[in-house]
Amino acid sequence: MGEGSFALILLLAAPDFASLFNAGLERYSARRFEEAAPLLRQAAQIRPQDFNARYLLGAALAQLGRNDEALREWRTAQRIQPDHRKLLQLLIVEYSKGRYFQESAAVAKQALSREPGDADLHYLAIKALQDAGDYDAAREVARRAAEKFPESARANFEYGFHLQKIGDVARSLELLRKAMRLDPSYEEPFFFYAGLLVKQGAYEEALPHLRTALRNRPDYVPARVLLARALMQLERWEEAQQEVREAIRLSPEHPQPHLLLSQIFFRLGEEGKAREEKELSLKLRRANPTLLEAVQGRPLQ
Amino acid sequence: MGSGVCAGDYDNDGHADLYVTYWGPSVLYRNLGNGRFADATAPAAVAGAPQDWSTGCTFLDYDRDGYLDLFVATYQDFNLATTPLPGKGANCEWKGMPVFCGPRGLPYGHAELYHNRGDGSFERVTAQSRIGEAKGFYAFTSIAADLNADGWTDLFVASDSTPSLFFRNNRDGTFSEIGAETGLAFNEHGFEQGGMGVAVGDFDSDGRLDLIKTNFAGDHPNVYRNLGKGVFEDVEGSGEAKPWSR
């Protein structure tokens, strides 16, 4: 058999695009991402301009935590289909995860201009703009969301949250109240509403809102810590300690409850215990820095 | 590169002297009383170490012996040779722009306390005063005030991207760092902030000294209301602190 015939056999035996893609899709669906990625990469090499191959390869890589490679594939996919809604959403999130905040915000703006009626895109854009430090733009998107989706608890909450940040407390409280009314199972408006009450010294009034937030989400550490803080201000030390200890039980790696426990002990004159809890809090803080990341005081959970 | 300055009459001659902090040795300028100053750093022994990037400083009489002592905080132990160039490493970009790297990822700063012997010289008492026990911070401005109203001067240091520090004067020549325990190390949500400047005053006229700390761009200042006994609450954003809200 001549060399040419051998090459022909090899060519015939080589898997084609469809079989590679389908095999990759099958493994991806079965969450076997390690196996899916090379199959999809081969498929993309055969047809570099195939959107689905790039898109799915990016998704498999993202699942494997290979953020930069995923972004590369998705950027290629975006050049093939610039208006693909789901892809734009994924790019916003993945850029943000990789701490490419400016890129995330740029894609978010682009996506919003193409899909101005999409509520989810508004929320993604708000976060992306916050992460990028463009608080004015984030507030403007939140304002538009509240205008376009007046019956959405999320939209009202987002705008209320941003108004609070520029000191417009009265309008913020109004929007947060509306958000609580629209969706009593949504914990964030209850937490931030209570936060404003605590700042104004209305500790007793804040308690039921924090308890509602915690009924909706018992492991919401910032709410439990704020509840403990309000109880501290009311000098209800035992209840404050109970809440902090519950937060520690639910989220033992979180530094914040230990910090508050340190403050409780200090206020009670137990400086040794206060120091121990402080040291533990600082140690956990160094071990889990992302647990305490925030966007203008909005804890990321 | 000058980073900070503080004024105080360390030699009790009735003229305010100056201490200027630098990356590298800092300088004590003795006021001669005729509009001129003399470099008194060497006899005073307060230059600091060559790699110190000293920032906040403050004169205080921590032991109430009638002579002003000197507290100096440093931002980093800074080495140009090992610090990445702007845009060339982690923490070297801000909002997509290449900037001076850090502070995260660079060696922490430290704090120093110098006791005034009363003869124009100072003794470094960082270890025995327990000021040196505080670790893990990038210090900016420092301020001296009796924050717990016990008649002895305490210290507060605004730190960048790390917990701010409250050194309580223990009235025996030592200090305890109790920023986290007293609510002064972090913001109301427990987050480290980019602390920059600090001022002290009784903003609510309750007879207790409160603190305001400014932070890096995009963050709100903290308004720490003194609740008594040196315990504080950040009330920025509340009705009380409205004048400072943006």
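What counts and what doesn't
- Residues numbered from 1 in each chain as written.
- Chains lettered and ligands numbered in written order.
- Predicted model: local features only at pLDDT ≥ 70, side-chain atom pairs only at ≥ 80, totals over all residues.
- Heavy atoms only, no water.
- Helix = DSSP H or I, 4+ residues; strand = E, 2+ residues; numbered from the N terminus.
- Rg over C-alpha atoms; globule rule 2.2 N^0.38 Å.
- Contact = heavy atoms within 4.5 Å.
- Areas by Shrake-Rupley, 256 points an atom, 1.4 Å probe, with all protein chains shown as cover.
- Lys, Arg positive; Asp, Glu negative; His and termini not counted.
- Charge placed at Lys NZ, Arg CZ, Asp CG, Glu CD.
- Phe/Tyr/Trp six-rings, centres within 6.5 Å; stacked < 30°, edge-to-face > 60°.
- Buried < 20%, exposed > 50% of the residue type's maximum accessible area, 1.4 Å probe, protein only.
- Lys NZ or Arg CZ within 6 Å of the ring centre and 35° of its normal.
- Patch = residues over 30% accessible without salt bridge, like charges linked within 9 Å, V, L, I, M, F, W, Y side chains within 5 Å.
- Salt bridge = Lys/Arg side-chain N within 4 Å of Asp/Glu carboxyl O.
- Pairing = 2+ DSSP bridges.
- Axes fitted to C-alpha atoms, helices over the stretch in contact; angles between N-to-C directions.
- Domains from an automatic or database assignment.
- Buried area = accessible area lost by both parts, 1.4 Å probe.
- Polar contact = N/O pair within 3.5 Å; in protein donor to acceptor, adjacent residues only side chain to side chain.
- Nonpolar A, V, L, I, M, F, W, Y, C, P; charged D, E, K, R; others polar.
- Core = buried A, V, L, I, M, F, W, Y, C linked by side-chain atoms within 4.5 Å.
- Parallel < 35°, antiparallel > 145°, perpendicular 65-115°, else oblique.
- Left-handed = near helix turned anticlockwise from the far one by under 90°.
- Disulfide = S-S within 2.5 Å.
- Expected span 1.5 Å × (residues − 1).
- Arc of directions from axis to C-beta.

Asker: Please clarify how the overall build of chain B should be interpreted in this entry.
Answerer: A count of helices and strands for chain B gives two helices and 18 strands. For chain B, whose C-alpha radius of gyration is 18 Å, the value lies close to the compact-globule estimate of 18 Å for 246 residues. Counting only C-alpha atoms and orienting by the principal axes, one finds that chain B spans roughly 50 × 50 × 35 Å. At a minimum sequence separation of 6, the contacts of chain B that also span at least 24 residues come to 46%. Here chain B has roughly 10,100 Å² of accessible surface; of this, 54% comes from carbon and sulfur atoms. Taken as two groups, the 18 positive and 34 negative side-chain charges of chain B have centres that lie 4 Å from each other.

Asker: How do you make sense of the packing of aromatic side chains when you look at a structure like this?
Answerer: In this description, a pair of aromatic rings is defined by centroid distance and the angle of the planes. With the rule as written, the count across this model stands at 22 aromatic pairs over all chains. Between A:Phe17 and A:Phe21, the aromatic rings sit 5.9 Å apart at their centres with planes inclined by 15 degrees, giving stacked as the arrangement. Remark: A:Phe21 and A:Phe17 occur in helix α2 (residues 17–29); sequence separation between them is four residues, near one turn of the helix. Grouping residues by exposure puts A:Phe17 and A:Phe21 together as buried. Every member of this aromatic cluster is reached through a ring pair, and the members are B:Trp23, B:Trp53, B:Tyr75, B:Phe78, B:Phe100, B:Tyr108, B:Tyr138 and B:Phe140. Positioned over the ring face of B:Phe186 is A:Arg285, at 3.8 Å from the centre of the ring.

Asker: Could you clarify how one ought to interpret a nonpolar patch on the surface in this entry?
Answerer: Residue and element names in this part refer to chain B. Together, Met1, Trp23 and Leu80 make up an exposed nonpolar region whose accessible area comes to about 320 Å². Its place among the elements puts Met1 in the segment before β1 (2–8). For Met1, a relative accessible area of 56% puts it in the exposed group.

Asker: Explanation requested: the sheet that holds strand β3 (residues 27–31) of chain B in the structure shown.
Answerer: Sheet strands associate in pairs through backbone hydrogen bonding, adopting either a parallel or an antiparallel arrangement. Residues and elements named next belong to chain B. Overall, antiparallel pairing links the four strands, which are arranged β1-β2-β3-β4 in an open sheet. Every other strand in the sheet has two partners, leaving β1 and β4 (37–39) as the edge strands with one partner each. This sheet shows a mean twist of 25 degrees between the axes of neighbouring strands, independent of strand direction. Sheet topology note: the β1/strand β2 (residues 17–22) ladder contains six bridges and is antiparallel.

Asker: I would appreciate a short explanation of the domain arrangement of chain A in the present structure.
Answerer: All names here are of chain A. If you check the domain split of chain A, you get domain 1 (7–81), domain 2 (82–183) and domain 3 (185–289). The straight-line distance from the C-alpha centre of domain 2 to that of domain 3 is 28 Å. Taken together, the contact between domain 2 and domain 3 spans 13 residues of the former and 10 residues of the latter. Both sides together, the interface formed by domain 2 and domain 3 hides about 1,200 Å², and carbon and sulfur atoms give 73% of it. Ranking the residues of domain 2 by area buried against domain 3 places Phe157, Met180 and Asp183 at the top, with a combined share of 47%. Counting across the interface, domain 2 meets domain 3 through three residue pairs in polar contact (both at pLDDT 80 or more). Of the residues forming the side of domain 2 that touches domain 3, the biggest block, seven residues, is contributed by helix α11 (residues 169–182). When its residues are assigned to classes, the side of domain 2 that touches domain 3 shows eight nonpolar, two polar and three charged.

Asker: Hey, could you run me through the side chain of B:Ser129 in this one?
Answerer: All names here are of chain B. Following the sequence through the fold, Ser129 ends up in the loop between β10 (122–124) and β11 (139–145). Assessed through its relative accessible area of 0%, Ser129 is described here as buried. Apart from the residues lying within four places of it in its own chain, the contact partners of Ser129 are Leu113, Gly173, Thr174 and Phe175.

Asker: What is the right way to look at the nonpolar core in this model?
Answerer: Inside soluble globular proteins, nonpolar side chains tend to come together where they are buried. With 57 residues, the main nonpolar core has A:Leu210, B:Phe156 and B:Leu211 as its most contacted residues. Looking at this core element by element, the count peaks at nine residues for helix α14 (residues 221–233) of chain A. When residues of this core are sorted by domain, at least three fall in each of domain 2 (82–183) and domain 3 (185–289) of chain A. With 50 residues, the next largest nonpolar core counts A:Ala44, A:Ala60, A:Phe149 and A:Leu163 among its residues.

Asker: Sorry if this is basic, but what is going on with the sheet that holds strand β18 (residues 231–234) of chain B here?
Answerer: Residue and element names in this part refer to chain B. The strand order across the open sheet formed by four strands is β15-β16-β17-β18, and the pairing between neighbours is antiparallel. The sheet is open, and its two borders are formed by β15 (195–201) and β18, each paired with just one other strand. Each neighbouring strand pair of the sheet contributes to a mean axis angle of 25 degrees, computed without reference to strand direction.

Asker: I'm lost on the packing of helix α16 (residues 255–267) of chain A against helix α17 (residues 271–287) of chain A in this one. Help?
Answerer: Each pair of packed helices can be summarised by the angle the axes make with each other and by the distance between the axes. Residue and element names in this part refer to chain A. The N-to-C vectors of α16 and α17 enclose an angle of 165 degrees; their axes lie 8 Å apart at closest approach. Taken together, the axes of α16 and α17 lie roughly antiparallel to each other. By crossing handedness, the relation of α16 to α17 is classed as left-handed. Of the residues in α17, those in contact with Pro255, Gln256, His258, Leu259, Leu261, Ser262, Phe265 and Phe266 of α16 are Glu271, Lys273, Ala274, Glu277, Lys278, Leu280, Ser281, Leu284 and Arg285. In the contact of α16 with α17, the residues fall into eight nonpolar, four polar and five charged.

Asker: Can you help me understand the pattern of salt bridges in this one?
Answerer: Any two side chains of opposite charge can pair, on the condition that their charged atoms come close. In total, this model carries 35 salt bridges over all chains according to the counting rule given. Between A:Lys278 and B:Glu181 there is a salt bridge, with its nearest N and O atoms 3.4 Å apart. Within this pair, whereas A:Lys278 is found in helix α17, its partner B:Glu181 is found in helix α2 (residues 179–182), the two belonging to separate chains. For the residue pair A:Lys278 and B:Glu181, the accessibility class agrees, reading buried in each case. Each of A:Arg41, A:Arg54, A:Arg66, A:Glu69 and A:Glu73 takes part in a single network of salt bridges with overlapping partners.

Asker: Looking at this structure, how should I read the state of the cysteines?
Answerer: Here a disulfide denotes a covalent bond joining the sulfur atom of one cysteine to the sulfur atom of another. Residue and element names in this part refer to chain B. Evaluation of the coordinates by the stated rule reveals one disulfide over all chains. Disulfide pairing places Cys6 opposite Cys57 at an S-S distance of 2.3 Å. Across the S-S bond linking Cys6 and Cys57, the dihedral sits near -125 degrees, which makes this disulfide left-handed. Within this pair, whereas Cys6 is found in strand β1, its partner Cys57 is found in strand β5 (residues 52–60), the two being separated by 51 residues in sequence. With relative accessibility at 8%, the residue Cys6 sits in the buried group. Residue classification places Cys57 among the buried positions, given a relative accessible area of 6%.

Asker: Please clarify how α2(A) should be interpreted in this entry.
Answerer: Residues spaced three or four apart along an α-helix point in a common direction, a consequence of the helix completing one turn every 3.6 residues. All names here are of chain A. End to end, α2 covers 18 Å across 13 residues, agreeing with the expected 18 Å (1.5 Å per residue, within 8%). Listing the buried residues of α2 in full gives Phe17, Leu20, Phe21, Ala23 and Gly24. Along the long axis of α2, the arc covered by the buried residues comes to 165 degrees, so they all point the same way. α2 presents Glu26 and Ser29 as exposed residues on the side facing more than 90 degrees away from its buried surface. At its buried positions, α2 is contacted by α3 (33–46) and α4 (51–63). Phi turns positive, to about 60 degrees, at Arg31, one or two residues after α2.

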